Amino acid sequence: MTIFRGALEERGLPEEIRGSSQEQQQLWQYGSTLAQLASQAGTLAALADKDSADALSELSSTLNHGSMLVGQLSFEDQPTVPLEQSFSPEAVSKLAGQVAELSTQLPVVPEEQASLAPVLTQLAFQTNLEARSALRTVAKQELVDQLPVPLIAGESHAEGETVGCLREATLLNPETAITDPALRDDVRLARALDRGYALDYTLQLQAARGSNADAAKIEGRRTTLNAELRKVRSVLPEDCADLRQPAYVLPEDGLNDLGSLAAEAEDDFVQALALASGAATDSAQDTLAELTWQILLEQRQRGLDPELLNAGE
């Protein structure tokens, strides 16, 4: 949305807003859009039957969470978006389309708030998934499939800068703060690879200790996973050292519940991958975002319910 300085000055904005950058003001207006969509989803949820109400409430909560993360900038004299007075599949379809379209157009994040970029990427993935879930309660899958895919540039995959290499393995710990902005992309991607390798290690153990039927299914997942990891590696320079560990530390009694452990590792991997795609740029982001979306959809097809953001936090 274009913001004209003169028009803002005439509205008597507080000094902290008048002195903010155009990127910051656009980010706040993005937050206002999220809040408006959250209100629409909440209103429809209150009018819907249980299945649609649950899906719309989940979407409303995530959108509200996003608006609180980025802040809001709106004016009392702006026309308000009319809320639905009755429930209809058409209203859900329109809302789902607006949410999905918004997920393809993330705002530019000011440099001083760079850490917010990967979170907005997570938000885009999750709201798109939840919009599809809401639409699926009132429409056929064919209509759901027509929604825009988040963060994917489309057919053009222009050459961009590759992501660099991580030199310090200690930074693989997700609890370690990334204090050097120049390392942000490297660390995010290395952590995604590390979590993918940890998932593969867990799946190997699960296959070795399970039944033959389970082992065949798990090995099929490992084949897919290793193709995914090769795709992640493809955005790195060829001379980057592979930080894959020969073994990963399991929690106490982890061998007794490898199924749950693998599910948690799957969540860790897709979370780390979403963060990496949010931090990357150009063709690297295209590759990582497309891969993240494919994994999320594949999880849904396997009956899982991936959640990238906890809107209750």
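Residues numbered from 1 in each chain as written. Predicted model: local features only at pLDDT ≥ 70, side-chain atom pairs only at ≥ 80, totals over all residues. Heavy atoms only, no water.

### So, the overall build of the chain
Here comes step 1: On a plain count of helices and strands, the chain comes out with eleven helices and zero strands.
Here comes step 2: Ordered by position from N to C terminus, the α and β elements of the chain give α-α-α-α-α-α-α-α-α-α-α.
Here comes step 3: Residues classed as buried in the chain amount to 46% of the 313 residues present.
Here comes step 4: Contacts spanning at least 24 positions in sequence make up 74% of the contacts within the chain whose residues lie at least 6 apart.
Here comes step 5: Summed over all atoms, the accessible surface of the chain reaches about 16,200 Å², with 49% contributed by carbon and sulfur. (Helix = DSSP H or I, 4+ residues; strand = E, 2+ residues; numbered from the N terminus. Buried < 20%, exposed > 50% of the residue type's maximum accessible area, 1.4 Å probe, protein only. Contact = heavy atoms within 4.5 Å. Areas by Shrake-Rupley, 256 points an atom, 1.4 Å probe, with all protein chains shown as cover.)

### Regarding the state of the cysteines
Here comes step 1: This structure, assessed with the given rule, holds one disulfide.
Here comes step 2: Note on cysteine connectivity: C165 is disulfide-linked to C240, with sulfurs 1.8 Å apart. As the torsion about the S-S bond is roughly -90°, the C165-C240 disulfide counts as left-handed. Of this pair, C165 sits in the loop between α7 (141–144) and α8 (184–209) while C240 sits in the loop between α9 (212–233) and α10 (258–279), and the two are 75 residues apart along the sequence.
Here comes step 3: Residue C165 is classed as buried on the basis of its relative accessible area of 13%.
Here comes step 4: A relative accessible area of 6% places C240 in the buried class. (Disulfide = S-S within 2.5 Å.)

### Points about the pattern of salt bridges
Where side chains of opposite charge bring their charged atoms close, a pairing between them can arise.
Here comes step 1: Within the structure shown, the criterion is met by seven salt bridges.
Here comes step 2: For the salt bridge of D194 with R195, the shortest nitrogen-to-oxygen distance reads 2.8 Å.
Here comes step 3: Among the residues examined, D194 registers a relative accessible area of 9% and is labelled buried.
Here comes step 4: Judged by its relative accessible area of 26%, R195 falls in the partly exposed class.
Here comes step 5: Each of D200, E219, R222 and R244 takes part in one network of salt bridges that share partners. (Salt bridge = Lys/Arg side-chain N within 4 Å of Asp/Glu carboxyl O.)

### Some thoughts on the nonpolar core
Here comes step 1: Formed by 44 residues in total, the largest nonpolar core has its most connected members in F125, L189, V232, F269, L273, L288 and L296.
Here comes step 2: Secondary-structure elements contributing two or more residues to this core are α6 (116–136), α8, α9, α10 and α11 (282–301).
Here comes step 3: For L189, the residues in contact, after removing those within four places along its chain, are V163, V232, V235, L236, A276 and L288.
Here comes step 4: Grouped together as the second largest cluster of nonpolar side chains are 33 residues, A53, L135, A139 and L147 included. (Core = buried A, V, L, I, M, F, W, Y, C linked by side-chain atoms within 4.5 Å.)

### Some words on empty space enclosed by the protein
Here comes step 1: Applying the stated rule across the entire model yields two cavities of 30 Å³ or more.
Here comes step 2: The volume enclosed by the largest cavity comes to roughly 140 Å³.
Here comes step 3: Size it by volume and the second largest cavity reaches roughly 60 Å³.
Here comes step 4: Those elements giving two or more residues to the lining of the second largest cavity turn out to be α3 (22–47), α5 (89–102) and α6.
Here comes step 5: Within the lining of the second largest cavity, the residues separate by chemical class into seven nonpolar, two polar and no charged. (1 Å grid on protein atoms, 1.4 Å probe; cavity = no way out; pocket = protein on both sides within 12 Å on 5 of 7 lines; lining within 4 Å. Points joined across faces, edges and corners; volume = space filled by probe spheres on them. Nonpolar A, V, L, I, M, F, W, Y, C, P; charged D, E, K, R; others polar.)

### Considering the side chain of S52
Here comes step 1: Locating S52 in the fold gives a position in helix α4 (residues 50–70).
Here comes step 2: Residue classification places S52 among the buried positions, given a relative accessible area of 2%.
Here comes step 3: Every residue in contact with S52, bar those within four places of it in the chain, is listed here: F87, T137 and V138.

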